[in-house]
Amino acid sequence: MSKKFKHMETEMIHEGYDSKEMLGSLTPPIFQTSTFTFDTAEQGAARFAGEEEGHVYSRISNPTVQVLEQKLAALEKAEKGLAFASGMAAISAVLIALTKANDHIICSSGLYGCTFGLLSMMDEKYNIQTDYVDMSDVKNIEAKIRPETKVFYIETPINPTMEVIDLELVIHIARKHNVLVVVDNTFSTPYLQRPIELGADVVVHSATKYLGGHGDVIAGLAAGKKELMEQIAATTQKDIGGVLSPFDAWLVIRGLKTLPLRMDRHSDNALQIAEKLKQHPKVKRVFYPGDPDAAGYSVMKKQMKSGGGTLSFEIDGGKEEAQGFLNNLQFISIAVSLGDTETLIQHPATMTHAVIPEERRQEMGITDALIRLSVGIEAWQDIWEDLEQALNC
Ligand SMILES: Cc1ncc(COP(=O)(O)O)c(C=O)c1O
């Protein structure tokens, strides 16, 4: 159900839910039920046969979860959305549904550590091989395409190196070779970037991050064409069963209402912090797509509203210096995850990306000196004061 509002700020709040259908309840009720009763045995049979619409069992569908799925579809300009118990549940359901044994995947040169783990497992178990490719050059991608290539899997910006991939360019190549494009839109959210409008087939999210936004829920989402999403819903979502609980769906729905306000603030703060970090003598390099000097700035301007709230930087030194710096922080929390109201900081080489073998990690640009910062929505001056005192220790 799409209401077709002109502005995303209004869509975030009103899409996917009609209070008139729920006794006037302003916020969507939490349907905390595992199953749904049928009036008759025939009605149960008709629902199972797909001849009558209606809920059957909360692993298959739930009214609260459905509100979130409809909202995401509207925001991503997709035909259908699906909700999962985590970002990894969403990514694994999508990738397993879209591939079969001996297929081939082409992936951006970097990505989240557990997605790397999933792709390695798919290779070991089903010989679904993945090539990691620098997608800034068409020739690099075309050189790796094989008859078995089924999916381009893209993170942009890439976690944690913040490299930006030109979606228009990559999607153009995918179309030419009849390959599906899956984009992890976690870092940007549909408020900043909408890959489906650019021709991507599926968008996946860790809704644990900016969409939820308050560090209180683990959730995942996927959206795309109705036919593809229905295929995923009927197979890897239903039968592997990593679905979202109604309460957790409700938390993400609540988070979405303030997403535009939060994203604007995250982006403004991140730009201020990136500028300050660039000037500090103990900082070697700063990676932030919203920085006008960043390599990916022009691509960012083309496909994103702003640079988002996450950045990374290399500190002068190695692992010891990076860990020492983290330990000197006073209010900024050392924690993985990102997109929360609180500023969070972590060391990818020993935390989020520790599962990636050292050599591959170096190729991805994840050095021991690299630090990822999820800039919160506190006053940027306070965030900088803490970073600066820890750098100066
Ligand atoms: C880009 C990206 N995708 C997916 C995930 C996995 O999400 P979740 O932790 O909700 O399973 C993460 C988690 O950090 C992430 O950063």
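Reading the values: the criteria
- Residues numbered from 1 in each chain as written.
- Predicted model: local features only at pLDDT ≥ 70, side-chain atom pairs only at ≥ 80, totals over all residues.
- Heavy atoms only, no water.
- Helix = DSSP H or I, 4+ residues; strand = E, 2+ residues; numbered from the N terminus.
- Rg over C-alpha atoms; globule rule 2.2 N^0.38 Å.
- Buried < 20%, exposed > 50% of the residue type's maximum accessible area, 1.4 Å probe, protein only.
- Contact = heavy atoms within 4.5 Å.
- Areas by Shrake-Rupley, 256 points an atom, 1.4 Å probe, with all protein chains shown as cover.
- Lys, Arg positive; Asp, Glu negative; His and termini not counted.
- Charge placed at Lys NZ, Arg CZ, Asp CG, Glu CD.
- Pairing = 2+ DSSP bridges.
- Axes fitted to C-alpha atoms, helices over the stretch in contact; angles between N-to-C directions.
- Near = heavy atom within 4 Å.
- Polar contact = N/O pair within 3.5 Å; in protein donor to acceptor, adjacent residues only side chain to side chain.
- 1 Å grid on protein atoms, 1.4 Å probe; cavity = no way out; pocket = protein on both sides within 12 Å on 5 of 7 lines; lining within 4 Å.
- Points joined across faces, edges and corners; volume = space filled by probe spheres on them.
- Nonpolar A, V, L, I, M, F, W, Y, C, P; charged D, E, K, R; others polar.
- Domains from an automatic or database assignment.
- Core = buried A, V, L, I, M, F, W, Y, C linked by side-chain atoms within 4.5 Å.
- Parallel < 35°, antiparallel > 145°, perpendicular 65-115°, else oblique.
- Left-handed = near helix turned anticlockwise from the far one by under 90°.
- Phe/Tyr/Trp six-rings, centres within 6.5 Å; stacked < 30°, edge-to-face > 60°.
- Buried area = accessible area lost by both parts, 1.4 Å probe.
- Salt bridge = Lys/Arg side-chain N within 4 Å of Asp/Glu carboxyl O.
- Patch = residues over 30% accessible without salt bridge, like charges linked within 9 Å, V, L, I, M, F, W, Y side chains within 5 Å.

Enquirer: Looking at this model, I keep getting lost on the overall build of the protein chain. Mind explaining?
Expert: Broken down by element type, the protein chain carries 15 helices and twelve strands. The C-alpha radius of gyration of the protein chain comes to 21 Å, within 12% of the 21 Å expected for a compact globule of 393 residues. Considering only C-alpha atoms, the protein chain reaches an extent of 75 × 50 × 35 Å along its principal axes. Counting over 393 residues, the protein chain shows a buried share of 54%. Restricting to contacts in the protein chain with at least 6 residues of sequence separation, those with at least 24 account for 71%. Carbon together with sulfur atoms contributes 51% to the accessible area of the protein chain, which is approximately 17,000 Å² in total. Considering the protein chain, the positive charge centre built from 38 side chains and the negative charge centre built from 53 side chains are found 3 Å apart.

Enquirer: When you look at the sheet that holds strand 9 (residues 310-315) in this model, what are you seeing that I'm missing?
Expert: The strands that make up a sheet are held in pairs by hydrogen bonds between backbone atoms, and each pair lies either parallel or antiparallel. If you walk across this open sheet you meet the five strands as 8-9-12-11-10, and the pairing is mixed. Sheet topology places strand 8 (283-287) and strand 10 (333-334) at the edges, where each strand pairs with a single neighbour. Of the strand pairs in this sheet, strand 10 and strand 11 (residues 344-346) are connected by two bridges, and their pairing is parallel. Bridge pairing in strand 11 links Ser333 to Leu344. Contacts from helix 11 (residues 259-279) reach strand 8, strand 9 and strand 12 (370-374) within the one sheet, and its direction differs from that of strand 9 by about 10°. Against the sheet, helix 13 (residues 319-327) engages strand 9, strand 10, strand 11 and strand 12, with an angle of about 125° to strand 9.

Enquirer: Looking at this structure, how should I read the site of the ligand?
Expert: Of all residues adjacent to the ligand, which total 14 residues, the nearest are Met88, Asp184, Ser206, Thr208 and Lys209. A distance of 2.9 Å separates an oxygen atom of the ligand from a polar backbone atom of Gly87. Lys209 places a polar side-chain atom, nitrogen or oxygen, 2.8 Å from an oxygen atom of the ligand. Considered on its own, the ligand offers 390 Å² of accessible surface; in the complex 93% of this is hidden by protein. At three residues, helix 4 (residues 87-98) tops the list of elements feeding residues into the shell around the ligand.

Enquirer: Help me understand the layout of surface pockets, please; the structure alone is not making it clear to me.
Expert: Vacant regions in the atomic arrangement are exposed by a probe of water-molecule size rolled over the atoms. Empty space within the largest pocket amounts to approximately 1,200 Å³. Surrounding the largest pocket, 39 residues form its lining, Ser61, Gln66, Glu69, Lys80 and Glu230 being those nearest its centre. At the level of secondary structure, the elements contributing two or more residues to the lining of the largest pocket comprise helix 2 (41-48), helix 3 (63-76), strand 1 (80-84) and helix 9 (226-240). Of the residues in the lining of the largest pocket, the class split is 14 nonpolar, eleven polar and 14 charged. Computed from the structure, the second largest pocket encloses a volume of approximately 520 Å³. Lining the second largest pocket we find 25 residues, and of these Met162, Glu163, Val164, Ala295 and Gly296 sit closest to its centre. Of all the elements, strand 8 adds the most residues to the lining of the second largest pocket, at three residues. Residue classes in the lining of the second largest pocket are distributed as 13 nonpolar, five polar and seven charged. Counting contributing residues per domain, the lining of the second largest pocket is built from domain 1 (8-30 + 62-256) and domain 2 (260-392), each supplying no fewer than three.

Enquirer: Would you mind going over the nonpolar core with me for this structure?
Expert: Most often, soluble globular proteins keep nonpolar side chains buried together rather than apart. Of all hydrophobic cores here, the largest spans 34 residues; its most connected members are Leu68, Leu211, Val252, Leu256 and Leu259. Secondary structure elements with two or more residues in this core: helix 1 (8-14), helix 3, helix 8 (189-192), strand 7 (220-224), helix 10 (246-257) and helix 11. When residues in this core are grouped by element, the largest group, six residues, is from helix 10.

Enquirer: I would appreciate a short explanation of the packing of helix 11 against helix 15 (residues 380-392) in the present structure.
Expert: The description of two packed helices rests on the angle between their axes and on the distance between the axes. Viewed as axis vectors pointing N to C, helix 11 and helix 15 meet at an angle of 30°, and their least axial separation amounts to 10 Å. Considering their axes alone, helix 11 and helix 15 lie roughly parallel with respect to each other. Seen along the crossing, helix 11 lies across helix 15 with a hand that is right-handed. Touching Asn269, Gln272, Ile273, Lys276 and Leu277 of helix 11 are Trp380, Ile383, Trp384, Leu387 and Leu391, all from helix 15. Considering only residue class, the contact of helix 11 with helix 15 consists of seven nonpolar, two polar and one charged.

Enquirer: Got a minute to help me understand the packing of aromatic side chains in this structure?
Expert: For any pair of aromatic rings, the description rests on two quantities: the centre-to-centre distance and the angle between the ring planes. Tallying each qualifying case throughout the model produces four aromatic pairs. Taking 5.9 Å as the distance between ring centres and 80° as the angle between the ring planes, the aromatic pair formed by Phe313 and Phe325 counts as edge-to-face. Taken together, the residues span a long stretch of sequence, with Phe313 in strand 9 and Phe325 in helix 13 at a distance of twelve residues. Each member of the pair Phe313 and Phe325 is classed as buried.

Enquirer: Could you clarify how one ought to interpret the domain arrangement of the protein chain in this entry?
Expert: You'll often see interface size given as the accessible area lost when the parts meet. Splitting the protein chain by domain gives domain 1 (8-30 + 62-256) and domain 2 (260-392). Placing a centre on the C-alpha atoms of domain 1 and another on those of domain 2 gives a separation of 24 Å. Contact with domain 1, which involves 37 residues of that partner, is made by 39 residues of domain 2. Across the interface of domain 1 and domain 2, roughly 3,100 Å² is buried in total on both sides, 64% from carbon and sulfur atoms. It is Tyr191, Leu192 and Tyr210 that lose the most area in domain 1 upon contact with domain 2, and together they represent 24% of the buried surface on that side. Counting every contact that joins domain 1 to domain 2 gives two salt bridges. Across the pair Lys302 and Glu168 runs a salt bridge, and its minimum N-O distance is 3.3 Å. One can count 17 residue pairs in polar contact (both at pLDDT 80 or more) joining domain 1 with domain 2. Only helix 1, helix 5 (113-126), helix 7 (167-176), helix 8 and helix 10 provide two or more residues apiece to the side of domain 1 that touches domain 2.

Enquirer: Please clarify how the pattern of salt bridges should be interpreted in this entry.
Expert: Two side chains of opposite charge can pair, provided their charged atoms sit close to one another. For the coordinates displayed, the defined rule picks out 20 salt bridges. Through salt bridges with shared partners, a single ionic network connects Glu275, Lys278, Asp291 and Asp293.

Enquirer: What is the right way to read a nonpolar patch on the surface from this model?
Expert: A surface patch of nonpolar side chains, about 230 Å² in accessible area, is lined by Ile334, Val336 and Met351. Counting through the fold element by element, Val336 comes out in the loop between strand 10 and strand 11.

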